[in-house]
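Structural overview for review
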Amino acid sequence: MMTKTDNDGLFRKNGVNFLLPFIMITTCFAMWGFANDVTNPMVKSYSTIFQMSVFESSFVQVAFYLGYFLMAFPAAMFIQRYSFKAGVMVGLLLYAVGALAFIPAKSTGIYYAFLLAYFVMTCGLSFLETSCNPYIYCMGGEETATQRLNFAQAFNPIGAVTGTVVAWLFVQQQLDPTPSSVRGQMMKHTPELFESIKDHDLSILIQPYVYIGIVAFLLLVVIYLTKMPKASDTVTKKSIWKALGELVRIKNYREGVVAQFFYVGAQVTCWTFIMHYGHQLFCVQEGMAEKDATALSFRYYIIALVLFTVGRFVCTWFLKYIRPGRLLAILAVMAMACVVGAILLTNIWGLYCLVAVSGCMSLMFPTIYGIALKGLGENVKFGGAGLIMSIIGGSVLPPVQAKIMDIGGEIGGMSVIHLSFVVPLVCFVVIALYGLRCKS
């Protein structure tokens, strides 16, 4: 007689086949990958368009990841009462509304209106990640959960690469080529001309968000019409406070939340500021024209994302032979070495090191997630919400690095741009320690 455990597999649990739901939910992974990485290159664009400091423009990331933080537990409470499918649908609805809100934001021409649109959109992304990650986790046996999460997350960077290519071909290439220094003079002496250029650039910048908002709404309709089984073993009437009390006493989970906070911070800083790193190398050091330096830096950013995408599939394969915690620690140490290279090397090899960090990061988010959720049982929904809340690291750490960059100049003969990457270096130290300490 076949036991319950014997009947579990990569996409099967308790006799229920989750392959079709897995495919549908995995599509959402690509959707939020697109949103994240069509946005990262925009930070420097906002700085140019609105003539702001690096610190001020980094508030795009603050607004972006604040939505993740504030909506994670409300999302968990919602899916606890209803279902994973309902959580996904609400997430897609908020995603679409936030993305389409870029239209009125552009009409106002006010920077803070864009921050509000990002916030609403990422409240939707928080619902999606809080729903989709534990749903994928529950779509088969627990022994294959981390492998399943890594496989689903492998489609996230595909969306990320798509978002980056769109940001480059349909945004960056179409923006007005007037350098930032000239725009600054226009803002003082010919404000009408400055506003005309700003309006043109904002019209270009909002386009990918409007289109992805429409796609999110269409995907919402498709998922609504698709029959998707519930992961009934995670249904519980336990109060949020009792669940949290139990979770904070679990060392593996508690440290996983901390590690995830620093991982997301490291990812966002490395990807957001690769453009500034390239500008320092190509424009400041080598004297290249600003537009050409931006174009070349963007190519390296795309290479970093492609490396991240390939690394995700490769590392998922490695998980068959190396336990997740050990592989996480190995990759974190490799990332530390690459960041040290990016700090110390002031030529093209420093940029190569920064690009290589992406290959090391590819495994980290889903692996930390899978390790931290292991053994949580009925607390998996609230546990997943805590891990999604830790994405606030992407809101906290980029402004810290941006503030260092705004100092300008050199310290000890080394560019402040390079030295600022000590922020992700600290992050990878924390991740390496978590990998070494966990028993998974």
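Each remark here, short or long, concerns the structure printed above.
Notes on the structure follow. Note that the structure is predicted; figures quoted are calculated from it, not measured.

About the thresholds
- Residues numbered from 1 in each chain as written.
- Predicted model: local features only at pLDDT ≥ 70, side-chain atom pairs only at ≥ 80, totals over all residues.
- Heavy atoms only, no water.
- Phe/Tyr/Trp six-rings, centres within 6.5 Å; stacked < 30°, edge-to-face > 60°.
- Helix = DSSP H or I, 4+ residues; strand = E, 2+ residues; numbered from the N terminus.
- Buried < 20%, exposed > 50% of the residue type's maximum accessible area, 1.4 Å probe, protein only.
- 1 Å grid on protein atoms, 1.4 Å probe; cavity = no way out; pocket = protein on both sides within 12 Å on 5 of 7 lines; lining within 4 Å.
- Points joined across faces, edges and corners; volume = space filled by probe spheres on them.
- Nonpolar A, V, L, I, M, F, W, Y, C, P; charged D, E, K, R; others polar.
- Contact = heavy atoms within 4.5 Å.
- Expected span 1.5 Å × (residues − 1).
- Disulfide = S-S within 2.5 Å.
- Salt bridge = Lys/Arg side-chain N within 4 Å of Asp/Glu carboxyl O.

Digging into the packing of aromatic side chains
Scanning all chains against the criterion turns up 35 aromatic pairs. Judged by centre distance (5.8 Å) and plane angle (65°), the ring pair of Tyr46 and Phe114 falls under edge-to-face. Highlighted residues: Tyr46 in helix H2 (residues 42–50) and Phe114 in helix H7 (residues 111–137), separated in sequence by 68 residues. Each member of the pair Tyr46 and Phe114 is classed as buried. Ring geometry for Trp349 against Tyr352: centres 5.0 Å apart, planes inclined by 90°, an arrangement best described as edge-to-face. Placement of both Trp349 and Tyr352 in helix H18 (residues 348–361) is noted, with a separation of three residues, approximately one turn of the helix. Taking the relative accessible area as the measure of exposure, Trp349 reaches 53% and is therefore exposed. Judged by its relative accessible area of 36%, Tyr352 is partly exposed.

Considering the layout of surface pockets
In this structure, the largest pocket spans a volume of roughly 450 Å³. What lines the largest pocket is a set of 19 residues, and nearest its centre among them are Lys44, Val54, His276, His279 and Ile417. Counting only elements with at least two residues in the lining of the largest pocket, the list comes to H2, helix H15 (274–285) and helix H22 (416–419). When the residues that make up the lining of the largest pocket are grouped by side-chain class, the tally is six nonpolar, ten polar and three charged. Estimates place the volume of the second largest pocket at around 350 Å³. The wall of the second largest pocket is formed by 20 residues, among which Gln172, Asp176, Glu290, Lys291 and Thr294 lie closest to the centre. Secondary-structure elements contributing two or more residues to the lining of the second largest pocket are H2, helix H10 (180–189) and helix H16 (290–318). Ranked by residues supplied to the lining of the second largest pocket, first place goes to H2 with four residues. In the lining of the second largest pocket, the residues fall into seven nonpolar, seven polar and six charged.

Describing the side chain of Ser297
Checked against the element boundaries, Ser297 lands in helix H16. Accessibility expressed as a relative area gives 1% for Ser297, which makes it buried. The contacts of Ser297, once residues within four sequence positions are left out, are Met275, Gly278, His279 and Phe282.

With respect to helix H9 (residues 156–171)
In a regular helix each residue adds 1.5 Å, so 16 residues correspond to 22 Å; H9 covers 21 Å between its end C-alpha atoms and thus fits that length. Listing the buried residues of H9 in full gives Asn156, Pro157, Gly159, Ala160, Val161, Gly163, Thr164, Val166, Ala167, Trp168 and Val171. In this structure, the buried residues of H9 make contact with helix H1 (19–39), H2, helix H8 (145–153), helix H11 (191–205), helix H12 (207–225) and H16.

Description of the environment of Val426
When you line up the elements, Val426 lands in helix H23 (residues 422–437). Here Val426 falls in the partly exposed class, since its relative accessible area comes to 44%.

Comments concerning H8
Quick reminder: α-helices carry 3.6 residues per turn. Residues three or four places apart thus point the same way. For H8, a buried count of seven out of nine residues is recorded, marking the element as mostly surrounded by other parts of the structure. Those residues of H8 that are buried are in contact with H1, H7, H9, H16, helix H17 (324–344) and helix H19 (364–373).

Examining the state of the cysteines
For the coordinates displayed, the defined rule picks out zero disulfides. The cysteine Cys28 is free of any disulfide, with Cys132 supplying the nearest cysteine sulfur at 4.3 Å. As a non-bridged cysteine, Cys270 has Cys427 as the owner of its nearest cysteine sulfur, 8.1 Å distant. Accessibility expressed as a relative area gives 2% for Cys270, which makes it buried.

Structural notes on unusual backbone geometry
Positive phi outside glycine occurs at Gln51, with the angle close to 55°. Within the secondary structure layout, Gln51 lies in the loop between H2 and helix H3 (54–57).

Some words on the pattern of salt bridges
The final tally for this structure, using the stated rule, is four salt bridges. Across the salt bridge formed by Asp199 and Lys106, the nearest N and O atoms sit 3.1 Å from each other. Here Asp199, found in helix H11, pairs with Lys106, found in helix H6 (residues 102–108); they are 93 residues apart in sequence, far enough to count as distant.

Looking at empty space enclosed by the protein
By the definition in use, this model includes two cavities of 30 Å³ or more. Here the largest cavity is characterised by a volume of approximately 200 Å³. As for the largest cavity, its lining consists of 17 residues, of which Trp32, Glu129, Asn156, Gln267 and Phe365 are closest to the centre. Secondary-structure elements contributing two or more residues to the lining of the largest cavity are H1, helix H4 (59–81), helix H14 (251–272) and H16. Residue composition of the lining of the largest cavity, grouped by class: nine nonpolar, five polar and three charged.

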